[in-house]
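Chain and residue survey
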Amino acid sequence: MGAADDVKLVTEHTYGTWRAQKDWSKPLYVAGAKGSHFYDDKNNRYLDFSSQLMCSNLGHGNEAIISAICDGAKTLPYVGPSFVSDLKAKAVKSLLSVMPEGLTQFFLSTSGTEANEAAVKIARQYKAPKYKIISRYRSYHGSTGAGIALTGDPRRWFAEPVGKLPGVVFAPDAYCYRCPFGLNYPECDIRCAEYVDYMIKEEGNVAAIFIEPVVGTNGIIVPPKEYLPRLREIADENGVLLILDEVMSGWYRTGKCFSFEHWNVKPDIFTTAKGCTGAYTPVGVTVTTGDIKDFFNERFFPHGHTYAMHPLSLSAVPAAVKEYEKLFATGLPQNASAHLEKRLNELAERHKCVGEVRGIGHFWAVEIVQDRKTKKPFNTKADKAALKPLLVSELTKQMLNHGLWLISWISHFIIAPPLIITRKEIDEGIDIFDDVLKEADKKTD
Ligand SMILES: Cc1ncc(COP(=O)(O)O)c(C=O)c1O
């Protein structure tokens with residue numbers, strides 16, 4: 001079978017995710033990948049400027065990780081969750097080596113969604129009878145029960161009312177470009193954080209605050225520096241858990257292993273996935289403090305999966321941890337992220353469609369607008385939910401035709417290349433992005 005046959009077979013017989021199925025007819029066939037690029041069957045090269053789904057943090061074709069997985073497959077690829085094996089012990093040891101002090105207890109699964117499902121169950125048991133969870137509108141936390149219920153973006157709308165989890169309440173976002181309170185930082189005194197305190201006191205029965213410290217798909221929103229420390233205080237003052245979802249922002253995406261380290265804030269529970277294996281195998285990680293684990297000493301821990309602590313999946317973790325350490329010791333990512341920031345900010349100067357460039361490390365958004373003064377967006381959440389054509393999607397299709405893979409979401413682009421990307425490759429990506437943005441300029445007032 002050739003590539004065209006493969007595409008036909010797969011698109012006719014599988015569901016395309018998060019889309020109308022008529023739009024799942026001509027996906028690109030990927031024949032191979034190496035470094036920061038992937039290739040189609042005609043050997044056309046594409047720069048992976050969003051690390052696939054912001055997960056291939058170490059790029060493609062990493063020999064050390066591939067060989068660790070091959071060794072894992074040859075030794076003991078699977079034993080059930082109740083057994084211990086060498087691969088499981090090695091993964092736990094290497095996870096412990098990157099965790100902040102006090103965050104030492106793991107539930108290991110196979111996706112970010114599962115990591116969050118576990119976090120919610122643990123938090124609700126620990127805080128019972130309190131059960132409410134405060135999430136935010138600009139968020140994505142996974143596709144199943146608890147994850148989708150905690151999600152603020154329109155993917156949740158499609159799951160309602162069945163997917164609605166009782167007790168999830170949404171807080172305003174720390175989104176300074178479009179402040180929900182119409183205020184400006186720093187005069188705002190971070191009202192978005194103070195409002196969470198108000199919510200907890202007015203709602204009652206709040207068990208946890210559940211947020212992405214740096215919002216991922218919904219805008220790469222880096223909070224003001226006071227925000228997370230203040231949320232930590234609010235959680236402590238009110239006896240509420242702080243749960244941080246680092247599924248996308250973890251694993252050096254923001255320059256530090258976990259983004260909460262930028263603000264010296266420690267969560268009670270946090271979750272991660274994607275980058276913990278560089279996406280070579282599926283692993284989800286739920287981490288808690290020792291106190292939380294102790295709570296279950298005499299109580300039933302009501303959670304598990306057949307593939308919890310899956311040894312073959314875990315075989316990639318120690319290799320990935322080592323590769324991150326080696327990579328950062330070279331200084332390449334630190335250097336490249338500064339260059340990326342500079343080049344992206346130049347785009348804001350050149351293109352009137354660019355409303356804001358924001359981000360940190362290798363994690364950036366370029367938000368486009370019809371009018372810089374009014375910040376009128378080209379598209380809205382409602383457009384996405386109504387399956388209307390979105391300008392950003394149209395532009396990313398054009399970029400792909402020019403050899404650049406870039407993820408977009410409603411009215412922004414997500415620039416999150418592998419951490420191994422070079423300055424030269426960044427220039428290659430920015431040049432294509434730059435060219436295609438001219439199309440949006442023509443539609444801008
Ligand atoms: C912040 C965040 N949480 C949870 C998830 C769900 O992870 P997964 O797709 O691995 O289930 C994602 C996925 O993009 C995410 O970005």
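Before any of the text, the structure's been laid out above.
Quick look at the structure, then.

About the thresholds
- Note on numbering: residues in each chain are counted from 1, in written sequence order.
- Per-residue local features of the predicted model are confined to residues with pLDDT of at least 70, and side-chain atom pairs are confined, for both listing and counting, to 80 or more; whole-chain, interface and lining totals are unaffected and use all residues.
- Side-chain measures were taken over the full set of non-hydrogen atoms in the model, leaving aside hydrogen atoms and water.
- For this purpose, a residue is taken to be near a molecule or strand whenever a single non-hydrogen atom of the residue falls within 4 Å of it.
- In the analysis that follows, any N or O atom pair within 3.5 Å is treated as a polar contact, provided that within protein one partner can donate a hydrogen and the other can accept it, and provided that, for residues neighboring in sequence, both atoms belong to side chains.
- Per-residue and other accessible areas were derived by the Shrake-Rupley procedure at a 1.4 Å probe size, with only the shown protein chains allowed to occlude residues.
- Lys, Arg, Asp and Glu make up the charged group, whereas Ala, Val, Leu, Ile, Met, Phe, Trp, Tyr, Cys and Pro make up the nonpolar group; the residues left over, Gly among them, are polar.
- To sort residues, take the accessible area from a 1.4 Å probe on protein chains only and compare it with the maximum for the residue type: under 20% means buried, over 50% means exposed, and anything in between is partly exposed.
- In this description a helix means any DSSP run of H or I spanning at least four residues, a strand means any run of E spanning at least two, and both kinds are numbered starting from the N terminus.
- A strand pair is defined by DSSP finding two or more bridges across the two strands.
- Salt bridges are defined by distance alone: a side-chain nitrogen of Lys or Arg within 4 Å of a carboxyl oxygen of Asp or Glu.
- By definition here, a helix of n residues has an expected span of 1.5 Å times n minus one.
- Contact criterion: two residues are considered in contact whenever any of their non-hydrogen atoms come within 4.5 Å of each other.
- Interaxial angles span 0 to 180 degrees and are taken between N-to-C directions of axes, which are lines fitted to C-alpha atoms, for helices over the stretch in contact.
- Any angle that falls under 35 degrees is termed roughly parallel, while one over 145 is termed roughly antiparallel, one within 65 to 115 roughly perpendicular, and all others oblique.
- Helix crossings are classified by the rotation of the near helix relative to the far one: an anticlockwise turn of less than a right angle makes the crossing left-handed, while a clockwise turn makes it right-handed.
- We call a pair of cysteine sulfur atoms a disulfide when they lie within 2.5 Å.

Description of the site of the ligand
- With respect to spatial proximity, the complete set of residues near the ligand consists of S111, G112, T113, N116, Y140, H141, G142, E212, D245, V247, M248 and K274.
- At a separation of 2.9 Å, an oxygen atom of the ligand approaches a polar backbone atom of G112.
- T113 is positioned with one of its side-chain polar atoms (N or O) 2.6 Å from an oxygen atom of the ligand.
- About the coverage of the ligand: the protein hides 83% of its 390 Å² of free accessible area.
- Tallied by class, residues from the shell around the ligand come to three nonpolar, six polar and three charged.

Thoughts on the pairing of strand β10 (residues 284-289)
- Buried residues dominate β10, accounting for six of its six residues.
- In the sheet, strand β4 (residues 103-109) pairs with β10 via six bridges, with the strands oriented antiparallel. Paired with F107 across the bridge in β10 is T286.

Quick notes on the pattern of salt bridges
- On inspection of all chains with the given rule, the structure shows 28 salt bridges.
- Across the pair E160 and R156 runs a salt bridge whose closest N-O atoms are separated by 2.7 Å.
- The class of R156 is buried, set by a relative accessible area of 9%.

Topic: helix α4 (residues 86-98)
- Here α4 spans 19 Å end to end across 13 residues, near enough to the 18 Å set by a 1.5 Å rise per residue.
- Lining the buried residues of α4 we find α3 (63-75), β4, β10, α11 (311-314) and α12 (316-330).

Focus: the packing of helix α13 (residues 332-350) against helix α16 (residues 423-442)
- Relative orientation of the contacting elements α13 and α16 amounts to 20 degrees, with a least axis distance of 10 Å. Here α13 is positioned roughly parallel relative to α16, judged by the angle of their axes. Where α13 crosses over α16, the two elements pack in a sense that is right-handed. Here α13 contributes N335, A336, H339, L340, R343, L344, L347 and R350 to the contact with α16, which in turn contributes R423, I426, D427, I430, D431, F433, D434, L437 and D441.
- Here the residues of the contact of α13 with α16 are counted per class, giving eight nonpolar, two polar and seven charged.

Some details on the environment of P267
- Along the chain, the position of P267 falls in the loop between β8 (241-245) and β9 (269-272).
- Using a relative accessible area of 3% as the deciding quantity, one classes P267 as buried.
- For the pair P267 and L242, spaced 25 residues apart in sequence, the C-alpha separation works out to 5.2 Å.
- Setting aside residues up to four positions removed in sequence, P267 forms contacts with L103, R232, L242, L244, F260 and T289.

What about the sheet that holds strand β5 (residues 132-136)?
- Read across the sheet, seven strands follow the order β4-β10-β9-β8-β7-β5-β6 without closing on themselves; strand pairing throughout is mixed. One side of each edge strand has no neighbouring strand; the edge strands of this open sheet are β4 and β6 (168-171). On average, each strand axis in the sheet is inclined to that of its neighbour by 20 degrees, with strand direction left out of account.
- One ladder, built from three bridges, connects β5 with strand β7 (residues 206-211); its direction is parallel. Looking at β7, one finds that I134 is bridged to I209.
- Packed onto the sheet, α4 meets β4 and β10 and runs at close to 135 degrees relative to β4.

Here we look at the state of the cysteines
- As enumerated under the stated definition, the model contains zero disulfides in all.
- Looking at C70, it has no disulfide partner, and the nearest cysteine sulfur is the one in C276, 18 Å off.
- For C70, a relative accessible area of 37% puts it in the partly exposed group.
- For the unlinked cysteine C176, the closest cysteine sulfur is that of C188, found at 6.2 Å.

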